[in-house]
Amino acid sequence: MEHDRPVAREHLLDWLRDAHAMEEQAETMLKGMEGRLEHYPELRTRIAQHIQETQHQAERLRFCIQDLGGDISLLKDWTGKFMATMQGFSGAMASDEVVKGSMFSYAFEHMEIAAYRNLIAAAQILGETQTAQVCQSILEEEIAMASWLENNMSNVVSQFLLLAGRDPGAAKR
Ligand code: MG
Ligand code: FE
């Protein structure tokens, strides 16, 4: 059985718009976390780096959408819709507590990883090499962020528990 190309293409465009909304959401959440952190300099630095990456990812996604002939004027509505669906999740991520924040960041990175793997598969089916390549390079940044968190979350927990005994307010940030 053959893929119906116009149908597949519309789905690819939808998923790219979802990914764009996801990156806008990521930027908001990461900036919130970065702005609060005081006692976790390494986490803060890595988050600052990922904010830059995230902004560039959103830019590259807009480029892919346009390159495929998609409309980018509706992206804002798309972002609003995505944020509404993710509200519980992002509320928890925005919580004023570093251990929860890093846990949700780690989960969020894995959602991004799944999204880009799917986008790569769809782009390859359609022979959209450039979109597949862009998504592959974004995927690598998400994997790097997820593995950084994987390797550093135990330090965050340790620092949190050290501070919690002395100054519970400070421990959160
Ligand atoms: Mg991202
Ligand atoms: Fe990410």
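The structure under discussion appears in the preceding block.
Quick summary incoming for the structure in this document. None of these values were measured; they are calculated from a predicted model.

A few words now on the packing of helix α5 (residues 98-125) against helix α6 (residues 129-164). With their axes 8 Å apart at the nearest point, α5 and α6 run at an angle of 160° to one another. On the basis of the axis angle, α5 is roughly antiparallel to α6. Classified by chirality, the crossing of α6 by α5 is left-handed. Classifying every residue of the contact of α5 with α6 by side-chain character gives 21 nonpolar, 6 polar and 5 charged.

Packing of helix α1 (residues 5-36) against α5 brings their axes to within 10 Å, and their N-to-C directions diverge by 160°. Between α1 and α5, the angle falls in the class roughly antiparallel. The element α1 and its partner α5 pack so that their crossing is left-handed.

In this section: the coordination of the magnesium ion (ligand 1). Protein coordination at the magnesium ion (ligand 1) comes from Glu-23 (OE), Glu-23 (OE), Gln-57 (OE1), Glu-112 (OE) and Glu-142 (OE), with a distance range of 1.9 to 2.4 Å. Along the chain, the residues that donate to the magnesium ion (ligand 1) are spaced as E-x33-Q-x54-E-x29-E. In this structure, the magnesium ion (ligand 1) is positioned 3.0 Å from the iron ion (ligand 2), and both are ligated by Glu-112. Of the two residues, Gln-57 is situated in helix α2 (residues 41-67) and Glu-112 in helix α5; the sequence distance between them amounts to 55 residues.

Here Lys-172 lies in helix α7 (residues 168-172). The class for Lys-172 is partly exposed, based on a relative accessible area of 37%. Residues Lys-172 and Val-7, spaced 165 residues apart in sequence, show a C-alpha to C-alpha distance of 48 Å.

This paragraph deals with the nonpolar core. Core analysis: the biggest nonpolar cluster contains 31 residues, and Leu-12, Leu-16, Tyr-116 and Leu-119 have the highest contact counts within it. If you list the elements that add at least two residues to this core, you get α1, α2, α3 (75-85), α5 and α6. Counting residues per element, this core draws most heavily on α1, at 9 residues. Residues within four places of Leu-12 in sequence aside, it is in contact with Leu-68, Leu-119, Ala-122, Ala-123, Leu-126 and Glu-128. Judged by nonpolar contacts, the second largest core, of 14 residues, contains Met-145, Phe-160, Leu-163 and Ala-171.

In total, this model carries 8 salt bridges according to the counting rule given. A salt bridge links Arg-17 to Asp-14, with the nearest nitrogen and oxygen atoms 3.4 Å apart. Placement of the pair is Arg-17 and Asp-14 together in helix α1, with a separation of 3 residues, close to one helical turn. Given the relative accessible area of 27%, Asp-14 is considered partly exposed. A salt bridge links Arg-60 to Glu-141, with the shortest nitrogen-to-oxygen separation between them at 3.2 Å. Here the residue Arg-60 occupies a position in helix α2, and Glu-141 occupies one in helix α6, the gap between them amounting to 81 residues.

Our next topic: the coordination of the iron ion (ligand 2). Donor atoms from the polypeptide that bind the iron ion (ligand 2) are His-50 (NE2), Glu-109 (OE), Glu-109 (OE), Glu-112 (OE) and Glu-142 (OE), placed at 2.1 to 2.8 Å. Look at Glu-109 and you get buried, because its relative accessible area is 3%. Using a relative accessible area of 0% as the deciding quantity, one classes Glu-142 as buried.

What follows is about the state of the cysteines. In this structure the tally under the stated criterion is 0 disulfides. The cysteine Cys-64 is free of any disulfide, with Cys-135 supplying the nearest cysteine sulfur at 5.5 Å. Classification of Cys-64 by relative accessible area gives buried; the value is 1%.

Calculation criteria
- Residues numbered from 1 in each chain as written.
- Chains lettered and ligands numbered in written order.
- Predicted model: local features only at pLDDT ≥ 70, side-chain atom pairs only at ≥ 80, totals over all residues.
- Heavy atoms only, no water.
- Axes fitted to C-alpha atoms, helices over the stretch in contact; angles between N-to-C directions.
- Helix = DSSP H or I, 4+ residues; strand = E, 2+ residues; numbered from the N terminus.
- Parallel < 35°, antiparallel > 145°, perpendicular 65-115°, else oblique.
- Left-handed = near helix turned anticlockwise from the far one by under 90°.
- Nonpolar A, V, L, I, M, F, W, Y, C, P; charged D, E, K, R; others polar.
- Donors = N, O, S within 2.8 Å, 3.2 Å for Na, K, Ca; no water.
- Buried < 20%, exposed > 50% of the residue type's maximum accessible area, 1.4 Å probe, protein only.
- Core = buried A, V, L, I, M, F, W, Y, C linked by side-chain atoms within 4.5 Å.
- Contact = heavy atoms within 4.5 Å.
- Salt bridge = Lys/Arg side-chain N within 4 Å of Asp/Glu carboxyl O.
- Disulfide = S-S within 2.5 Å.

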